[in-house]
Amino acid sequence: MKRLFGTIGLTYLTVLAVAFFLPETTLYLLAAGFLLLGGGIAAVIKNCKNGKTVLLAGASMALATISIFLFRNYIYQPVIDKYSDTEISFKGYICDKVIIAGKTYTVELQAEEINGEKSSIKIHLTGTGDFEPEDFDRVEGKLFVYANKNENLISKGFFLSASPDDGYELKATGEKHFSLYNLAVKARDKCNTALTRLLNRKSGALCKAILLGDKYGLSKETKHDFQRAGTSFLIVVSGMHLSILCGFLVLILKRTRLPRLLRCSIIVAFVIMFSAITGFPRSVIRAGVMVILAYCGNVLRRQKDGLNSIGIAALILALPNPLVVGDLGVLMSFSTTLGIILWAPHLIRFMQRVIHFNSIKLRLVRKPVDLIINLIAVSVSAALWVMPVQTLFLNRINLLVIPLSVITSPIASVILILSLILILLYYIPFISVLTKPLSAVMNFLCGLHIDINSLGAAIPFSSVKANQPFYLIWLFSTCALVAAGYIISAGKKYIVFSIITSAAILGFGWSVHILTDTHPTEVYLNQSFHGLTAAVSKNGSLSVLCCGGNGTYNDIILDDLYGYSGVIDNAVIPNRINYSSYLTMLREHFDLKYIVANQKFAEEIPEDADLEMPSGSKITLVLNSDTSDEVMNIDGILYQYLTVGDTTLLFVPHYGDIEKLPAQYRTADYIVMDFVSYHAELLNCKTLIYTGRQNKRYAKYRELLRSISDNFIPLKKQSICLKMNEGR
């Protein structure tokens, strides 16, 4: 077969992704795989043209389904059943750099012994405050662990998570664990040091993000702007970054007289070193495999094939760990690369014909035009092929991503290459003086890059929420049209027909949605790092009702809130001091009309509140035409009782005591609880949503919480939207 590995690898990866995110489809996928396998065997016997392709697709489909079933049930689930919601005695080491961002630390632990038994389990630890052990220290102590619900962490082998609790006693033993990866982390630290010393704060943070994938230095505003503009892929180390650096290295090596084999060896060594320094992100591994195959094929004088290369990369990543598809970055990396392979060449030829490229004879004009055509083709192909992933998993479409990518990608490429050169100059004696003029250039380019993205993010409708059913209908219809086009080897007429049909489906769906939408009041709940933000919206009105937790780390929901409105009519600051910094963050992005604060923490708020509620007070806020919020301060704790028509919702904040809450407020359709409240058994509701820490206290009272409501929903770094008066 011409593209054996492409067929096997891409089919295998696609089926794994479907089975991972829709586990209930596993049996159907297995049945479909065997049907395809049988059909392929029959087609091969009858000498059908595509019989072998169908045979391999069926075999890959069946293998993928069986692989993820076995991995999930015999590797992942036994770990969860044995250790989840228990206190363990841990011995092991810190297997990566300790990440400290503000008051938060994130630690990746590799176990060697758990409860006296040998184990190789990885645990993800997050917390606030001080953390004494350092990178790669051997540690031991007690941890309370629970099942990890974050798909990205599960895909990396972190089946369990832990957070500081009463039984938390993790201490360094005084020994270090050594591996070659330690050297890569030290090299990364050296790069960080150079960029920090040579560039201003904003530029240094941007260069660290682009070159090393370290986004912790970027301001919340900058990250938010990149997300809204749809160009956040530029500040995440990906295959694009590795390809640019390898291309730059190839240009240098071509000017040398080194043997072809030696040049290939240098490129392979660079790919491995860059992957290690950036922490082996899957997108870089994918690109690294493809680069190594391309240059090794060049040495062996073999013709390279992009589809076979991406198929091999898929197998290398997914065969050892079928859950790798839980990493959204993997899906986005493969979808964009596949789009570039399949569509970019056709778009390049089309644009060349339109502008009569072959008639351009002057080299000084031909080269820049060719570069622009390639850049547009790559940006369009990548943006269109990643759109299904963004729609399905992020519920968002970035309308300006193509023009912004065309403008900012060249700038990001130059910043990437110059960052590497700047670091090399910094550590080379005698020529480090050259870093000063280069730093000035870098500061200018980084500022320009940030300003362009900020301008794009500020444009209305630059980012559109795609959370309505008609978007999914349009998406699947368009994908079906594309697939049918490849099956029948469609020509120009079919392409035009597909574009018109896709646009018509989207336009019709949007029109029907506008005509039939009743505009119910929506309550958007986002749980992020032990904190909850609740946004209440209807017809453009927006109020933010905060319900306990650490709001400082809820900045990831800014983009979702901005999708509702640029104005916050009411903001309630309850009983946690950390909301003072959260309020400042909201003020930077929204026009805050009315602020209600707990008087107990009024001094912690960096600006005056419109109303400071003392203990024993009660007010009613009218949020919109059919929604009211009764705010009660009982012994310094702010409870909120939301009424939307006939539907009610109670917010119970941290340290809430239900016995002190008036009886008429203890019953609601929805109850959102940020802490296992005292006397919680007095509550009654149809749906109970728990957004607090899943720690020992939670494990102890979990059955009590489940007894309050048949519909019990624990949230962990998740978001849900409640459409009031319409059910969940």
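For every chain, the first residue of its written sequence is number 1, and the numbers climb from 1 along that sequence. Whole-chain, interface and lining totals are the exception, using all residues; otherwise, since this is a predicted model, local features are given only for residues with pLDDT of at least 70 and side-chain atom pairs are given and counted only at 80 or more. In computing side-chain properties, one takes all heavy atoms of the structure into account and sets aside hydrogens as well as water.

**Some details on the side chain of serine 439**
Right, on to step 1. Only DSSP runs of H or I covering at least 4 residues are called helices, and only runs of E covering at least 2 are called strands; the numbering of each starts at the N terminus. Within the fold, serine 439 resides in helix H15 (residues 435-458).
Right, on to step 2. The buried label applies to any residue whose accessible area, calculated with a 1.4 Å probe on protein chains only, is under 20% of its type's maximum; exposed applies above 50%, and partly exposed to all values in between. Taking relative accessible area as the criterion, serine 439 reaches 5% and is therefore assigned buried.
Right, on to step 3. What makes two residues a contact is simply this: any of their non-hydrogen atoms within 4.5 Å. With residues up to four places along the chain from it excluded, the contact list for serine 439 reads Leu198, Leu199 and Leu422.

**Quick look at unusual backbone geometry**
Right, on to step 1. Of note in this structure, histidine 356 is not a glycine but carries a positive phi near 55°.
Right, on to step 2. Inspection of the secondary structure puts histidine 356 in the loop between helix H12 (328-354) and helix H13 (363-394).

**Looking at the nonpolar core**
Right, on to step 1. Ranked by size, the top nonpolar core spans 57 residues in total, and within it Phe90, Leu109 and Ile123 carry the most contacts.
Right, on to step 2. The residues touching phenylalanine 90, leaving out its near neighbours within four places in the chain, are Leu109, Gln110, Ala111, Glu113, Ile114, Ile123, Val139, Glu140, Gly141, Leu143 and Leu170.
Right, on to step 3. We call a set of buried Ala, Val, Leu, Ile, Met, Phe, Trp, Tyr and Cys residues a nonpolar core when their side-chain atoms join them within 4.5 Å. One finds Cys246, Phe274, Ile417 and Ile452 within the second-largest nonpolar core, a separate group that totals 47 residues.

**Let's talk about the environment of valine 54**
Right, on to step 1. Summarising the element assignment, valine 54 is placed in helix H3 (residues 51-83).
Right, on to step 2. Taking the C-alpha atoms as reference points, valine 54 and serine 119, separated by 65 residues in sequence, lie 42 Å from one another.
Right, on to step 3. If near-sequence neighbours (up to four positions away) are discounted, valine 54 is found in contact with Leu36, Gly39 and Gly40.

**Some words on the pairing of strand S17 (residues 595-598)**
Right, on to step 1. Burial of S17 is two-sided: the residues Ile595 and Ala597 facing one way and the residues Val596 and Asn598 facing the other way are all buried.
Right, on to step 2. Paired strands are those between which DSSP finds at least two bridges. Taken together, the 3 bridges between strand S15 (residues 570-573) and S17 define a ladder with parallel strand orientation. Directly across from alanine 571, in S17, lies its bridge partner isoleucine 595.
Right, on to step 3. Where S17 lies against strand S18 (residues 611-613), 3 bridges are found, and the strand directions are parallel. Bridge pairing in S18 links valine 596 to leucine 611.

**Points about the side chain of serine 677**
Right, on to step 1. Mapped onto the secondary structure, serine 677 falls in the loop between strand S23 (667-673) and strand S24 (684-690).
Right, on to step 2. Looking at serine 677, the relative accessible area reads 3%, which means it is buried.
Right, on to step 3. The residues touching serine 677, leaving out its near neighbours within four places in the chain, are Val652, Gly656, Ile658 and Arg697.

**Details of the sheet that holds strand S19 (residues 618-624)**
Right, on to step 1. The sheet built from 7 strands is open, its strands ordered S19-S20-S21-S22-S23-S24-S25 with mixed pairing. Every interior strand has two partners, whereas the edge strands, S19 and strand S25 (711-714), have only one. Neighbour-to-neighbour, the strand axes of the sheet open up by a mean angle of 20°, direction not taken into account.
Right, on to step 2. In the sheet, S19 pairs with strand S20 (residues 627-634) via 6 bridges, with the strands oriented antiparallel. Note that in S20 the partner of valine 622 across the bridge is serine 628.
Right, on to step 3. An axis is simply a line fitted to the C-alpha atoms; with a helix, the fit covers only the stretch in contact. Between two such axes, the angle follows the N-to-C directions and lies from 0 to 180 degrees. Packing against the sheet, helix H20 (residues 696-708) makes contact with S23, S24 and S25, and its axis sits at approximately 145° to S24.

**A word on H15**
Right, on to step 1. By this rule, a helix spans an expected 1.5 Å times one less than how many residues it contains. The first and last C-alpha atoms of H15 sit 34 Å apart over 24 residues, in line with the 34 Å expected at 1.5 Å per residue.
Right, on to step 2. Every buried residue of H15 is accounted for by Thr435, Leu438, Ser439, Met442, Leu445, Cys446, His449, Ile450, Ile452, Asn453, Gly456 and Ala457.
Right, on to step 3. Of the surrounding elements, those touching the buried residues of H15 are helix H5 (180-198), helix H6 (201-212), helix H7 (220-229) and helix H14 (401-427).

**Details of the pairing of S25**
Right, on to step 1. Of the strand pairs in this sheet, S24 and S25 are connected by 4 bridges, and their pairing is parallel. For leucine 688, the partnering residue across the bridge sits in S25 and is phenylalanine 712.
Right, on to step 2. Seen with its strands pointing away from the viewer, a crossover is right-handed when the path leading from the first strand over the helix to the second is clockwise. A crossover connection joins S24 to the parallel S25 through H20; in handedness this β-α-β unit is right-handed.

**Notes on the packing of helix H11 (residues 306-318) against H12**
When two helices pack together, their arrangement is given by the angle between the helix axes and the distance between those axes.
Right, on to step 1. For the pair H11 and H12, the least separation of the axes is 10 Å and the interaxial angle reads 165°. Taken together, the axis directions place H11 and H12 in an arrangement best described as roughly antiparallel. Once H11 is placed against H12, the crossing between them reads as left-handed. Contacts from Gly306, Leu307, Ile310, Ala313, Ala314 and Leu317 in H11 reach Phe334, Thr337, Leu338, Ile341 and Leu342 in H12. Every angle not falling under 35 degrees, over 145, or within 65 to 115 is termed oblique; those three ranges are roughly parallel, roughly antiparallel and roughly perpendicular. Here is the rule for handedness: rotate from the far helix to the near one, and if that takes an anticlockwise turn smaller than a right angle the crossing is left-handed, while a clockwise turn gives right-handed.

**What to know about the pattern of salt bridges**
Right, on to step 1. Only one rule defines a salt bridge in this text: a Lys or Arg side-chain nitrogen within 4 Å of an Asp or Glu carboxyl oxygen. Counted under the stated rule, the structure contains 14 salt bridges.
Right, on to step 2. Aspartate 135 is paired through a salt bridge with lysine 97; the nearest N and O atoms lie 3.5 Å apart. Placement of aspartate 135 in the loop between strand S5 (122-128) and strand S6 (137-147) and of lysine 97 in the loop between strand S1 (86-94) and strand S2 (99-101) is noted, with a sequence separation of 38 residues between them.
Right, on to step 3. On the basis of relative accessible area, aspartate 135 is assigned to the buried category, the value being 18%.
Right, on to step 4. Overall, the relative accessible area of 23% leaves lysine 97 in the partly exposed class.
Right, on to step 5. With a closest N to O distance of 3.3 Å, aspartate 626 and lysine 538 form a salt bridge. With aspartate 626 in the loop between S19 and S20 and lysine 538 in strand S12 (residues 531-538), the pair connects residues that are 88 residues apart, well separated along the chain.
Right, on to step 6. When its relative accessible area of 27% is taken as the criterion, aspartate 626 is described as partly exposed.

**Focus: the packing of aromatic side chains**
For any pair of aromatic rings, the description rests on two quantities: the centre-to-centre distance and the angle between the ring planes.
Right, on to step 1. Only centres within 6.5 Å qualify two rings of Phe, Tyr or Trp (six-membered ring in Trp) as a pair; their planes then separate them into stacked at under 30 degrees, edge-to-face at over 60, and tilted for everything else. Across all of its chains, the model carries 15 aromatic pairs by this definition.
Right, on to step 2. Measuring from centroid to centroid gives 4.9 Å for phenylalanine 20 and phenylalanine 21, while their planes differ by 80°, and the two rings are edge-to-face.
Right, on to step 3. Since its relative accessible area comes to 12%, phenylalanine 20 is described here as buried.
Right, on to step 4. Looking at phenylalanine 21, the relative accessible area reads 27%, which means it is partly exposed.
Right, on to step 5. Taken together, the ring pairs in this structure connect Phe20, Phe21 and Phe393 into an aromatic cluster.

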